[in-house]
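In case you want the letters, here they are:
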Amino acid sequence: MKSLADRPANPVVGTSVSHESASQHVTGAALYTDDLFYKDQNVLHAWPVQATVAHGKITSLNTEPALEIPGVVRVLTAADVPGINDAGIKHDEPLFPSEIMFYGHAVCWVLADTLEAARLGAEAVTIGFEVLPSLITVPEAIAAESFQGHRPTVTRGDADAALETSAYRFTGELEFGGQEHFYLETHASYARVDEGGQLFVQSSTQHPSETQEIVAHVLGLNSHEVTVQCVRMGGAFGGKEMQPHGFAAIAALGATLTGRPVRLRLNRTQDITMTGKRHPFLASWEVGFDRDGYIQALKATLTSDGGWSLDLSEPVLARALCHIDNAYWIPNVKVNGQIAKTNKTSQTAYRGFGGPQGMIVIEDLLGRCAPLLGLDPAELRRRNLYSPGQSTPYGQPVRHAERLVTIWDQLVERSDLDARKEQIAAFNAAHPNTKRALAITPVKFGISFNFSAFNQAGALVHVYKDGSVLINHGGTEMGQGLHSKMRQIAATALGVPLEAVKLAPTRTDKVPNTSATAASSGTDLNGGAIKNACDQISTRLAEAAARKFNVHPDDIRFSQGKVTSISIADQEIAFNDLVRDAYFQRIQLWAAGFYRTEGLHWDPVKMHGEPFKYFSFGAAVSEVEVDGFTGAYRQLRTDIVHDVGDSLSPLIDVGQIEGGFVQGAGWLTLEELRWDVSEGANRGRLATQSASTYKLPSFSEMPAEFNVHLFEQATESGVVYGSKAVGEPPFMLAFSVREALREAVAAFSTGNGAVELPSPSTPEGIFWAVQRAKDSTSVSETVAVSSPASLAAAETTLSPVPVH
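Rules used throughout
Per chain, the residues get numbers from 1 upward, laid out in the order the sequence is written. Only residues with pLDDT of at least 70 get local features here, since the model is predicted, and only at 80 or more are side-chain atom pairs given and counted; chain-wide, interface and lining totals rely on the full set of residues. The side-chain figures draw on all heavy atoms in the structure; neither hydrogens nor water molecules are used. By definition, any uninterrupted DSSP run of H or I lasting at least four residues is a helix, any uninterrupted run of E lasting at least two residues is a strand, and each is numbered from the N terminus. For the radius of gyration, the atoms used are the C-alpha atoms, and the globule rule reads 2.2 Å times the number of residues raised to 0.38. Burial classes: relative accessible area under 20% of the type maximum marks a residue as buried, over 50% as exposed, and values in between as partly exposed (1.4 Å probe, protein chains only). The protein chains shown are the only cover counted for residues, whose accessible areas, like all others here, come from Shrake-Rupley with a 1.4 Å probe. We count Lys and Arg on the positive side and Asp and Glu on the negative side, and we leave His and both chain ends out. For this purpose, a charge sits on NZ of Lys, CZ of Arg, CG of Asp or CD of Glu. Axis geometry follows a simple rule: fit a line to the C-alpha atoms, using only the stretch in contact for helices, then measure angles between N-to-C directions, giving values from 0 to 180 degrees. By the definition adopted for this analysis, an angle is roughly parallel if under 35 degrees, roughly antiparallel if over 145, roughly perpendicular if from 65 to 115, and oblique otherwise. Contacts: residue pairs with any heavy atoms within 4.5 Å of one another. Under the grouping applied here, Gly and all other residues not named as nonpolar or charged are polar, the nonpolar ones being Ala, Val, Leu, Ile, Met, Phe, Trp, Tyr, Cys and Pro and the charged ones Asp, Glu, Lys and Arg. Using protein atoms alone on a 1 Å grid, points that fit a 1.4 Å probe yet trap it form a cavity, whereas open point sets bounded by protein on both sides within 12 Å along at least five of seven lines form a pocket; residues with an atom within 4 Å of a point count as lining. Grid points are joined across faces, edges and corners, and a volume is the space filled by probe spheres set on the points. Pairing between two strands is assigned when DSSP locates at least 2 bridges connecting them. The term salt bridge refers to a pairing of a side-chain nitrogen on Lys or Arg with a carboxyl oxygen on Asp or Glu at a separation within 4 Å. Pairs of N or O atoms within 3.5 Å make up the polar contacts considered here, provided that, within protein, one atom can donate a hydrogen while the other can accept it, and that residues adjacent in sequence are counted only when both atoms are side-chain atoms. Residue-level confidence of the predictor, termed pLDDT, takes values from 0 up to 100. For a helix, the expected span equals 1.5 Å multiplied by the number of residues minus one. What the arc covers is the set of directions going from the helix axis to the C-beta atoms. Whether a crossing is left-handed or right-handed is set by the direction in which the near helix is turned from the far one by less than a right angle, anticlockwise for left-handed and clockwise for right-handed.

### Details of the overall build of the protein chain
Line of reasoning, step 1. Looking only at helices and strands, the protein chain has 19 helices and 31 strands in total.
Line of reasoning, step 2. Its C-alpha atoms give the protein chain a radius of gyration of 28 Å, near enough to 28 Å, the size a compact globule of 804 residues would have.
Line of reasoning, step 3. Counting across all 804 residues of the protein chain, residues that qualify as buried make up 60%.
Line of reasoning, step 4. Carbon and sulfur atoms form 51% of the exposed surface of the protein chain, whose accessible area is close to 29800 Å².
Line of reasoning, step 5. Taken as two groups, the 66 positive and 89 negative side-chain charges of the protein chain have centres that lie 3 Å from each other.

Below, the structure is given as structure tokens:
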């Protein structure tokens with residue numbers, strides 16, 4: 001068996017190539033799901049009838065007025081479902097509900113000859129309902145004891161005992177918001193039934209196999225009667241992992257009942273008001289430090305806002321609990337998790353998948369506690385980083401932990417951090433109303449699905465008689481460059497030029513039973529499967545070449561479209577000539593590849609084991625400038641050193657790091673979801689439902705200077721060509737921006753107190769934080785601190801204050 005991690009001579013992986021569809025993207029030639037219906041005639045358009053109450057029981061549904069609208073063909077309701085009326089895998093998401101669970105809930109769908117007719121038909125439908133009490137916020141749900149799903153706990157050691165003996169103890173609370181995916185392409189599906197009765201669904205989905213399963217069970221079909229294809233997505237970020245299934249089912253149901261193709265594409269307002277977001281959380285914590293600032297214990301409770309149904313809330317919460325340590329050794333831990341059930345959209349996967357929600361707790365905690373301990377925040381963080389031999393609270397050894405310190409020190413040097421701190425101090429002394437600050441934060445992020453069965457993938461590789469190659473795999477392309485990397489892997493494994501490899505769209509009838517393209521595992525899983533298939537083919541071809549050269553097959557090498565032997569220096573054959581010869585020798589020139597991630601084991605009840613193949617590491621330094629009059633701020637500079645193993649495609653990896661960082665900064669500083677929490681008629685309505693009311697990062701929010709360096713000599717064994725995942729880990733590098741803002745706010749104060757920041761830390765939030773900083777002279781009122789009476793007076797200068 002060929003090594004998974006070792007690279008041959010002259011590999012195509014590791015070279016900087018542009019995205020495989022880059023030219024199509026920028027010229028508008030790239031086709032997306034909603035571009036495909038123009039090829040068909042007689043298409044029907046779908047439009048939802050959305051509820052205008054946060055919670056209510058449907059007492060009547062009159063669809064007859066819609067049918068009087070010219071062009072309206074049919075109104076789909078629960079009575080039309082031949083199979084299971086459910087769009088999820090937990091059977092808690094009725095496709096056509098009898099109970100309205102959130103403001104904007106789709107009650108039924110109108111099909112019409114034109115989109116305008118469908119819209120008018122939806123307006124004509126009347127819904128009668130009985131208003132029921134609703135829960136909009138996490139505190140409301142906690143007070144009502146409204147929870148759903150499992151309530152896991154991660155524990156190690158004795159946190160209570162360790163807190164009792166800690167030199168310093170702090171308690172605090174942090175509530176932070178969700179995040180709208182705001183992909184460029186909204187949810188879209190297009191379904192038709194062919195002449196043989198086969199249902200073909202084009203869907204903008206990260207998980208074609210699960211979309212296939214949901215469509216099948218809604219229609220009462222077997223999976224082999226449904227084919228789902230995803231050409232590409234205009235962004236997804238996790239929002240198209242679970243959420244597309246119901247929309248695909250609506251289109252498929254309509255196509256089946258009418259015999260006409262059905263197109264469903266949500267407009268932006270529908271997409272924002274109907275689909276899930278990143279989970280908001282409420283976290284409470286208590287932490288203990290020794291006299292030197294080393295963490296001794298952490299107790300915390302994380303409550304996520306799951307919305308009206310479970311969706312992926314349980315695994316999101318599990319990952320949050322598994323990442324509350326981030327990059328820090330915590331010997332004694334007890335972290336409880338629970339999922340609030342509220343009358344809001346069903347929150348779902350989002351880049352980081354709970355990791356950011358866990359990691360923000362420890363980063364916020366350290367940022368608030370550092371001044372109370374009399375330590376520079378950077379020093380507090382560095383001295384608590386994992387060391388070799390240590391393991392996570394859930395029992396997984398942190399392999400290559402030494403990389404954390406190496407990356408940290410490299411970043412300090414590359415960013416010229418010490419000299420810039422002196423420059424910032426001089427600037428702040430000269431500018432009483434404008435302050436600058438920088439902060440450095442690390443990242444340790446586990447890679448693999450935390451449900452072990454999902455860590456498998458398949459691929460199909462065809463080599464044609466002319467030497468050209470067609471590959472198909474189970475991963476989906478959402479702009480992240482997965483297809484580009486798959487082509488590079490195939491070209492490297494077969495030893496052919498990149499232009500010899502073409503990739504076919506992702507389809508469930510080509511590679512079945514696939515996992516979602518998520519958890520930053522798309523390259524690891526599908527790349528492993530592609531390489532496995534290519535290795536099967538190259539092994540067969542090597543035997544054919546060995547006979548031709550009269551050498552052992554192990555002596556054969558494939559590189560740059562040529563086949564050579566290490567035993568005979570002056571003899572070679574073109575790859576396409578060898579392929580043609582192999583065909584006439586009846587040698588199989590195609591292969592189905594498979595890959596499963598080895599070494600994983602996880603007990604979801606005990607929350608213990610080794611759920612991750614490896615950890616991705618990184619660190620970022622960000623410098624900001626804050627205006628004390630308005631709270632407005634600028635990102636002046638960001639420096640990043642990030643570990644992607646041996647990069648498969650450096651240009652794509654750097655782009656992913658930059659994009660992930662900016663998206664993370666958006667969540668932490670700009671993007672604020674606001675629901676109406678009043679008791680009026682609009683209770684539960686999402687107020688931020690368009691680009692005009694929901695603030696996204698733009699060019700003006702980019703760092704003026706942005707430096708990204710890929711950590712060198714970072715081969716990861718047991719992963720395809722020694723690479724590491726790059727999709728999600730860079731998102732958390734943006735904590736450096738939030739912590740820099742904290743330091744800038746602190747610069748307005750003459751005291752040494754903790755600075756509390758809201759999340760997101762919007763200019764408005766920063767303004768009020770600055771006002772509090774100007775008014776404060778000592779310890780923040782929102783962090784309680786205590787120290788054992790046995791400590792010397794020098795260690796009890798932090799006066800106890802009431803716990804909040």
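### Observations regarding the packing of helix α17 (residues 650-669) against helix α18 (residues 735-746)
Line of reasoning, step 1. For the pair α17 and α18, interaxial distance at closest approach is 8 Å and the crossing angle is 45°. In terms of orientation, α17 and α18 fall into the oblique class. Facing α17, whose interface residues are Phe-661, Ala-665, Trp-667, Leu-668 and Thr-669, α18 presents Phe-735, Ser-736, Val-737, Arg-738 and Leu-741.
Line of reasoning, step 2. Of the residues in the contact of α17 with α18, the class split is 7 nonpolar, 2 polar and 1 charged.

### Some points on empty space enclosed by the protein
Line of reasoning, step 1. Considering all chains together, one arrives at 5 cavities of 30 Å³ or more under this definition.
Line of reasoning, step 2. Considering the residues around the largest cavity, the lining is formed by 18 residues, among which Ala-87, Glu-93, Phe-247, Met-274 and Trp-308 are closest to the centre.
Line of reasoning, step 3. With 3 residues, helix α7 (residues 244-258) is the largest single contributor of residues to the lining of the largest cavity.
Line of reasoning, step 4. Residue classes in the lining of the largest cavity are distributed as 11 nonpolar, 5 polar and 2 charged.
Line of reasoning, step 5. The space that makes up the second largest cavity amounts to roughly 60 Å³.
Line of reasoning, step 6. Forming the walls of the second largest cavity are 13 residues, and the residues nearest its centre are Gln-456, Ala-457, Ser-515, Ala-516 and Asn-526.
Line of reasoning, step 7. For the lining of the second largest cavity, the elements supplying multiple residues, two or more each, are β18 (456-463) and α15 (522-549).
Line of reasoning, step 8. Among the residues making up the lining of the second largest cavity, the classes are represented as 3 nonpolar, 10 polar and no charged.

### A look at the pairing of strand β19 (residues 469-473)
Line of reasoning, step 1. Within β19, 4 of the 5 residues are buried, which leaves the element mostly enclosed by the surrounding structure.
Line of reasoning, step 2. Across 5 bridges, the pairing between β18 and β19 is antiparallel. For Leu-460, the partnering residue across the bridge sits in β19 and is Asn-472.
Line of reasoning, step 3. Once β18 ends, the chain turns through 5 residues before running back antiparallel as β19, passing Gly-467 with a positive phi of about 90°.
Line of reasoning, step 4. As judged from the 3 bridges shared by β19 and strand β20 (residues 501-503), these two strands associate in the parallel manner. Looking across to β20, one finds that Ile-471 is bridged to Leu-503.

### Describing the layout of surface pockets
Line of reasoning, step 1. What the second largest pocket holds in volume is close to 780 Å³.
Line of reasoning, step 2. If you go around the second largest pocket, you meet 32 residues; those closest to its centre are Glu-175, Phe-176, Gly-177, Glu-672 and Ser-759.
Line of reasoning, step 3. Top element by residues in the lining of the second largest pocket is strand β9 (residues 168-176). It accounts for 4 residues.
Line of reasoning, step 4. For the lining of the second largest pocket, the per-class residue count stands at 14 nonpolar, 8 polar and 10 charged.

### Topic: the sheet that holds strand β5 (residues 106-112)
Line of reasoning, step 1. The strand order across the open sheet formed by 8 strands is β3-β5-β1-β13-β10-β11-β12-β21, and the pairing between neighbours is mixed. Edge strands, defined here as strands with exactly one partner in the open sheet, are β3 (72-76) and β21 (506-507).
Line of reasoning, step 2. Relative to β21, strand β12 (residues 226-230) is paired through 2 bridges, and the arrangement is antiparallel. Across the sheet, the residue bridging to Gln-229 is Arg-507, located in β21.
Line of reasoning, step 3. Across the sheet, helix α6 (residues 208-219) is in contact with β11 (199-203), β12 and β21; its angle to β12 comes to roughly 145°.

### Remarks on the side chain of Arg-232
Line of reasoning, step 1. Structurally, Arg-232 is set in the loop between β12 and α7.
Line of reasoning, step 2. Within the buried set, Arg-232 has no salt-bridge partner at all; the shortest N-O distance to an opposite charge, 5.0 Å, is to Glu-20.
Line of reasoning, step 3. Within the structure, Arg-232 has its side chain in polar contact with the side chain of Ser-21 (distance 3.0 Å).
Line of reasoning, step 4. Within the local environment of Arg-232, its side chain forms a polar contact with the backbone oxygen of Leu-31, the two atoms lying 2.9 Å apart.
Line of reasoning, step 5. Sequence-distant contacts of Arg-232, that is, excluding residues within four places in its chain, are made with Ser-21, Gln-24, His-25, Ala-30, Leu-31, Tyr-32, Glu-185 and Glu-477.

### Considering the confidence of the model for the protein chain
Line of reasoning, step 1. Across the protein chain, the average pLDDT comes to 95, with 96% of residues at 70 or higher.
Line of reasoning, step 2. In the model, residues 778-782 has pLDDT below 50 throughout and makes 13 contacts with residues more than four positions away in sequence or in other chains.
Line of reasoning, step 3. Here residues 787-804 is modelled with pLDDT under 50, and outside its nearest four sequence neighbours on either side it reaches 27 contacts, counting other chains as well.

### What about the side chain of Ser-649?
Line of reasoning, step 1. Summarising the element assignment, Ser-649 is placed in the loop between β29 (633-642) and α17.
Line of reasoning, step 2. Overall, Ser-649 belongs to the buried group, its relative accessible area being 0%.
Line of reasoning, step 3. A polar contact is formed between the side chain of Ser-649 and the side chain of Gln-488, at a distance of 2.8 Å.
Line of reasoning, step 4. For Ser-649, the residues in contact, after removing those within four places along its chain, are Gly-14, Thr-15, Val-17, Lys-485 and Gln-488.

### Some points on the environment of Gly-178
Line of reasoning, step 1. As for its position among the elements, Gly-178 is in the loop between β9 and β10 (188-193).
Line of reasoning, step 2. C-alpha separation for the pair Gly-178 and Ile-424, spaced 246 residues apart in sequence, amounts to 33 Å.
Line of reasoning, step 3. If we ignore the near neighbours within four places in the chain, the residues touching Gly-178 are Arg-278, His-279, Pro-280, Trp-667, Glu-671 and Leu-673.

### Describing the sheet that holds strand β23 (residues 562-565)
Line of reasoning, step 1. The strand order across the open sheet formed by 3 strands is β22-β23-β24, and the pairing between neighbours is antiparallel. Each having just a single partner strand, β22 (556-559) and β24 (568-574) make up the two edges of the open sheet. Each strand axis lies, on average, 30° off the axis of its neighbour in the sheet, ignoring direction.
Line of reasoning, step 2. Pairing between β22 and β23: 4 bridges, direction antiparallel. Paired with Ile-556 across the two strands is Ser-565, which belongs to β23.
Line of reasoning, step 3. Running over the sheet, helix α16 (residues 575-584) touches β22, β23 and β24 and is turned about 70° from β24.

### Description of helix α13 (residues 417-430)
Line of reasoning, step 1. A rise of 1.5 Å per residue sets the reference length of α13, with its 14 residues, at 20 Å; its end C-alpha atoms lie 20 Å apart and thus fit the reference within 8%.
Line of reasoning, step 2. The complete set of buried residues in α13 reads Leu-417, Arg-420, Ile-424, Phe-427 and Asn-428. Projected down its long axis, α13 shows its buried positions confined to an angular sector of 95°, all on one face. More than 90 degrees from the buried face of α13, the exposed residues found are Asp-418, Glu-422, Gln-423, Ala-429 and Ala-430.
Line of reasoning, step 3. On the buried face of α13, the contacting elements are α12 (402-414), β17 (434-447), β28 (614-627) and β29.

### Things to note about the environment of Lys-695
Line of reasoning, step 1. Topologically, Lys-695 is positioned in the loop between α17 and β30 (705-710).
Line of reasoning, step 2. Measuring from C-alpha to C-alpha, the distance between Lys-695 and Glu-671 comes to 5.3 Å, with 24 residues separating the pair along the chain.

### A short note on the packing of helix α10 (residues 355-373) against α18
Line of reasoning, step 1. Packing of α10 against α18 brings their axes to within 11 Å, and their N-to-C directions diverge by 25°. As judged from the angle between their axes, α10 and α18 are roughly parallel. In this structure, the crossing between α10 and α18 has a hand that is right-handed. Where α10 abuts α18, its residues Pro-356, Met-359, Ile-360, Glu-363, Asp-364, Gly-367 and Arg-368 lie against Phe-735, Arg-738, Glu-739 and Arg-742.
Line of reasoning, step 2. Residue composition of the contact of α10 with α18, grouped by class: 4 nonpolar, 1 polar and 6 charged.

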